[in-house]
Each structure stands twice: as structure tokens, then as C-alpha cells.
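Chain residues, written in single-letter form:
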Amino acid sequence: MLKCRSVWRRLAPLARASSTVCRQNARRTGLNNARIPVREPAAHMSTGPTGGGGRENLLYFAMVGTTFIGAGIYVYRTLKEDKERYQDRINEIASRPQKAAAKEATLLHPEPQAVEATETKAAPETEPQAEPAVGEPSPATPDSEAPVAPSETAEPAPGGAAESVAVPHKLPSHTPYLLIGGGTASFAAARSIRARDPGARVLIVTDEPDLPYMRPPLSKELWFSDDPSVTETLRFKQWNGKERSIYFQPASFYISAEELDSAENGGVAVLTGKKVVHMDVRGNKVKLDDDTEISYDKCLIATGGVPRNLQVIDRAAEDVKSRTTLFRKIEDFKSLDKVSRNIESITIIGGGFLGSELACALGRRSNESGLEVVQMYPEKGNMGKVLPEYLSNWTTEKVKREGVKVITEALVKSVTFKDDKLEIQLKDGRKVRTDHIVAAVGLEPNIDLAKSAGLEVDPDFGGYRVNAELQARSNIWVAGDAACFYDIRLGRRRVEHHDHAVVSGRLAGENMTGANKPYWHQSMFWSDLGPDVGYEAIGIVDSSLPTVGVFAKATEKDTPKAATEKSGTGIRSESETEETAVSTEPSSSPAPPPLPRNKRMTMEKESSST
């Protein structure tokens, strides 16, 4: 039909011109006849050309007739070809069940599969537009006689043709809910989405090889476990005496990514070991590091953060970098646990929450193995940026009693490797020789997707800027460490604590299902220097702010162990999975009893915002 219209547009001007010529000739004939009397009979006038327009009229009618005949022929042929293509498509669709049945027979019976593969190879390619079935093997070489049936448990040979064909089809190309990151915020969002939309299909993509897990025990309870295989089981005793796994849920809680599209009641799938490297906001899709593209309806960015490093270590030789740990993940815990059992000295750089927790944990171990533990930081005392001076001095003495050598006001100038030892040169001339370094100097929000996605990054606090509903775009939310949100009491801020990750992830999940709730939660945070000393705080706690201390006589109930027993939670936050913890029998070598603190501290920030 398009060709017919094109031909008519070309012929129409000619037709109109011929028509105009005919009308003009008719007018001239009429005028001439008016001036000169016509003596010929009327019958002769109707049969003979008198105005000179007879030939033009014949040409006009011939052109119009030819056009209609050509158009009719074209329409007939087009309709006939369309009918043939339609019938071919119907036949192809009708043959799909037979192909599926043949596929199942191929998977169940390897011998018929070889015959089928041979027949398929010999058959001519009559339908190049039809895609092969997911499980069909493609012949790798001409002399291959019997292709091996694909198996879910057997690993295909690296680089094989079967792998290159089958793997892209296994991953879902589209998911209604895509969660980038496999941490606490992402898991809380998945639980929240499923609670409000029981049939939801949720896909979590994480670059870590592990299922979602909690990070606080990595620097706390896991180090005090009596189980020698704790690095393998990752099970620990909470301060309240209950035992649980570091993972939020066992593997049976999730479904495989391959089953996500076909799951009748939906589910949560985790794609481990995959990193999202590009985000197309307009196209609502992401690209993974293996070039796989996945589209989404709603997306959550919960990429967390990456640990900072000292510039002097970044610029140092490879011998220094290989002997430095940036503590963040499960693999970091396993590595540091192994290293600390095979060296003589370890130095922790950083006096904040993480550095102090690891110092106390390793200090306890030094009493048994003789490991030398050194903690250095630029402040005058432990937790100097958080606690007022008198509390910082008290906790510094606590860390020393755990067997840790504390070096205050230490600014690292350089780190070198000499005589099988790391040599840390301080700016005031002091030197420290050690076997291994743990850099615990803060966290940087992971904003790698900001550039490709065109998302706004806060210049002061870092992280993705979001609105009150944790939205960065109409269908993109951000939660956890990577979110820079507006606090109605304390202004715009970014929080790097477990409770914030849980609550912000939960709220983001609710809003992804249409709740439209604002984030008004004031998250709490805590830190434990072993089972004896703990901090709990809310809001902004800064040593530069005026602080009022209220003291009370300490009892045995003023310990992290007692606090967890009273609250019934192991990690003292609004976790949604504490019901998985179970009571256990006391071990043959129980942990040392908690020591009562001399003082109990409660800190309140004096500010007009509270």
C-alpha cells in the first residue's frame, strides 16, 4: 500500500495538469463557437474533435486507468505475501510446544539428543528469524558426534560454546524490583517489598560472593567465639547468649535467579559476584560487568561504601599494600583472622569505632598467643572525635588494659618495607615496626553509578542526594550508607550505621510499592569494646559539641551482654531477623564473665534542634 500511495503522488500532478488542459480547451471551443456560427450537424460535433482536446482526454483516462490497474495488482500481491507470512508465523508458534517437549526429552535422554542434534544440523535453515530454544546445544565443531546434555550441577568447560549460549538465557532480562547491593539496606528493602506485595519478584545484584549478611559482628562477636572453625561457619554467640549466623537468612530462603521469571508466587533472588557498571535511567536498565543487561520497573541503589586508605599506603610499594587490610567484608575478616595467627605484630591505624573494636578484639587474642597489637591515631585519646575528653581518656585506658599498645597524636608520614617488616614513619620522628597494618580510617560512599545515571551527589557529605521519600528519581531510591537525606531536625546528613541501613532500606522498599512515606527516623548506633564496654547513641555525637554527663553507679546490668538480654536483640537495632537466633548450651570453656564498669555514661547533645 505504501508503494501504491507513492506512485499515485507522482502521477497526481500529471493527471491534474491533463484535466486542466481539457477544461481550457473546452472553454476555447465554447468561445470560438460563440463567435463563429457552427453549421455542422450536432451529431458530427459529438463524434469529431472540435476543440483540440480529444487526445489529451484520452491520455488522461489512459493514465488513470493504468494507475488503478497497477495499484490493484500491487495490493493483491501484498495481501497474498502478508497472508503467507502470517501463516508461517502461526505455524512457528504452534510448533513451540513440540520444541519444548523435544528439549525435555533431550535433557532426560542423552542418546536421543545426539540424534536430534544431528538432524537439526542437517536440516536447512528455513526460518532464520526463529530463535533457538534455551537448552538446545549448539555444535561446537564439525566432528563432534554426541554433544553432552547440559546439567545444572556440572560445570561446563571454560570458554565452551554451550556456556556462551546458555548463560545469557539463564539470567532474567527484566525484573519488577531491582536492588543494587547485597548489604543490610538491600535485604531490608526486599523483605519490605515482599511484605507489601507478596507476589513480588525481587532481584538483588551484589559484587560480593556471599548472600546478604550483617556487618557489625565482623568486628565484634565473631572475634570472641570459642569455635575454632568460626571463619567457616560464621556462626557466633551474641552477647545475650544466643547463637546465630551472620547471614540474615539461609540459602533456602532465596530462589535462583533462573527461576525468578517462572516462580508462581515470586520471590527474592540474589545474583552474587556480579557488579552493575552502567545505569541507563531513561531506558530503565542496567549493565553488568559481563555486559548482561537487565531492565527494571523500580530500582534501589544500596551500594554502601568502600573503606578509605591512607595516601601514603596508596603511594607505597606493592610489598606494603599486600600487607595492609582495609576491613569491610567477610573475606577481610577471614584474611585478618588468618594473618593474626601467623605473625608477631599487627598495627591498627585509626581511633574510631572500627579501629577500637578491632584493637580490643585482637588485644584479647594477644593474651593467649603473644601477638603484639598496636593502635595509633592522630587524636589525643581513643574515640577522640566522638567522645568528650574525659570519656575518651577513660576508654583509652580500657583499650590499654586489653593488652593494646596505644600511640596517640600519631600522624603517618610514610610506610616502607625493610628487613621483612613494615616500617611506619611518623611526622614527629617516631618509628613503628610491624608485620601487618589494618587501616580503619573511615568510609567513602560508593557512588560509581552517579555519572552514568546522572544522579546528584552531595558535595559536602557525599552519597546520592535524595528527597524525603529517599528518591533520587521517580523510580530510583537510595538507602543505607550511600544515601544523603534531609533530617528534619538535624539537616542534611549521611549515616553509616546498621540501624539506619535497616530502617532506610525498609522504608525505601515500602515506597517502591507505593507507600509514599517520608523518612523521619532518628537512627541509633552502638559500639562495643568487647562484652564489657559499650556505647549507644542517637543523633549527632561529636566531641566538639557541648556535652552533659549524667553518672550513676555501675552494676552488672550495665554491660552490652545485659543490654542485649534485656532487649531480646543481639545487635541492638530494629533488625527483622532476630527470630532466627536460638539458645545454645554453654560451652565447656565459657567466655570470661563481664566486668562491671566503674561508671555509666549517658550523653545528651545540647542543641536547639533537640
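Structural data are supplied above this passage.
About the thresholds
Residues numbered from 1 in each chain as written. Predicted model: local features only at pLDDT ≥ 70, side-chain atom pairs only at ≥ 80, totals over all residues. Heavy atoms only, no water. Core = buried A, V, L, I, M, F, W, Y, C linked by side-chain atoms within 4.5 Å. Buried < 20%, exposed > 50% of the residue type's maximum accessible area, 1.4 Å probe, protein only. Domains from an automatic or database assignment. Contact = heavy atoms within 4.5 Å. Pairing = 2+ DSSP bridges. Helix = DSSP H or I, 4+ residues; strand = E, 2+ residues; numbered from the N terminus. Salt bridge = Lys/Arg side-chain N within 4 Å of Asp/Glu carboxyl O. Phe/Tyr/Trp six-rings, centres within 6.5 Å; stacked < 30°, edge-to-face > 60°. Axes fitted to C-alpha atoms, helices over the stretch in contact; angles between N-to-C directions.

## Overview of the nonpolar core
Reasoning step 1: In this structure, Leu179, Leu203, Trp223, Met279 and Leu300 are the most contacted members of the largest nonpolar core, which totals 93 residues.
Reasoning step 2: Mapping this core onto the domain boundaries places at least three of its residues in each of domain 1 (174-213 + 252-304 + 446-513) and domain 2 (308-443).
Reasoning step 3: Those residues within four positions of Trp223 in sequence are excluded, and the remaining contacts are Leu218, Phe327, Phe333, Leu336, Asp337, Ser340, Leu358, Ala361, Leu362 and Arg365.
Reasoning step 4: Within the second largest apolar cluster, 17 residues are counted, among which are Ile349, Ile407, Val412 and Leu422.

## Focus on the sheet that holds strand β22 (residues 483-487)
Reasoning step 1: Spatially, 3 strands are ordered β19-β22-β23 in an open sheet, and the strand pairing comes out mixed. Strands with a single pairing partner mark the edges of an open sheet, and in this sheet they are β19 (464-465) and β23 (491-493).
Reasoning step 2: As defined by bridge partners, β19 adjoins β22 across 2 bridges and the pair is classed as parallel. Among the inter-strand pairings, Tyr464 is bridged to a residue of β22, identified as Ala483.

## Observations concerning the environment of Thr325
Reasoning step 1: Relative to the helices and strands, Thr325 is located in strand β10 (residues 324-326).
Reasoning step 2: Along the primary structure Thr325 and Ser335 are separated by 10 residues, whereas in three dimensions their C-alpha atoms are 8.4 Å apart.
Reasoning step 3: If we skip the residues at most four places from it in the chain, Thr325 touches Leu336, His436, Ile437, Val438 and Ala439.

## Structural notes on the pattern of salt bridges
Reasoning step 1: The final tally for this structure, using the stated rule, is 24 salt bridges.
Reasoning step 2: In this structure, the salt-bridge partner of Asp337 is Arg341, at a minimum N-O distance of 3.3 Å.
Reasoning step 3: We note a salt bridge from Glu456 to Arg465, for which the minimum N-O separation is 3.4 Å.
Reasoning step 4: Because the salt bridges share partners, they merge into one network encompassing Asp337, Arg341 and Arg365.

## Digging into the packing of aromatic side chains
Reasoning step 1: According to the stated counting rule, one finds 8 aromatic pairs in the structure shown.
Reasoning step 2: On the numbers, 4.8 Å between centres and 5° between planes, the contact of Phe187 with Phe248 is stacked. Placement of Phe187 in helix α7 (residues 184-196) and of Phe248 in the loop between β4 (242-245) and β5 (267-271) is noted, with a sequence separation of 61 residues between them.
Reasoning step 3: Residue Phe187 is classed as buried on the basis of its relative accessible area, which comes to 3%.
Reasoning step 4: For Phe248, a relative accessible area of 3% corresponds to the buried category.
Reasoning step 5: Pairing Trp223 with Phe333 gives two aromatic rings, centres 5.1 Å apart and planes at 80°, and the pair type is edge-to-face. Here Trp223 is found in the loop between β2 (201-205) and α8 (230-233), whereas its partner Phe333 is found in helix α11 (residues 330-340), with 110 residues between them in sequence.

## A closer look at the sheet that holds β10
Two orientations exist for strands paired in a sheet by backbone hydrogen bonds: parallel and antiparallel.
Reasoning step 1: One open sheet accounts for 5 strands, arranged β10-β17-β11-β12-β13; its pairing is parallel. Strands with a single pairing partner mark the edges of an open sheet, and in this sheet they are β10 and β13 (404-407). Recorded for the sheet is a direction-independent mean angle of 20° between the axes of neighbouring strands.
Reasoning step 2: Two elements, β10 and strand β17 (residues 436-439), share 3 bridges in a ladder whose sense is parallel. Paired with Thr324 across the two strands is Ile437, which belongs to β17.
Reasoning step 3: Docked against the sheet, α11 engages β10, β11 (345-349) and β17, running at close to 150° with respect to β17.
Reasoning step 4: Its contacts with the sheet place helix α12 (residues 353-369) against β11, β12 (372-376), β13 and β17, and it is angled at close to 160° to β12.

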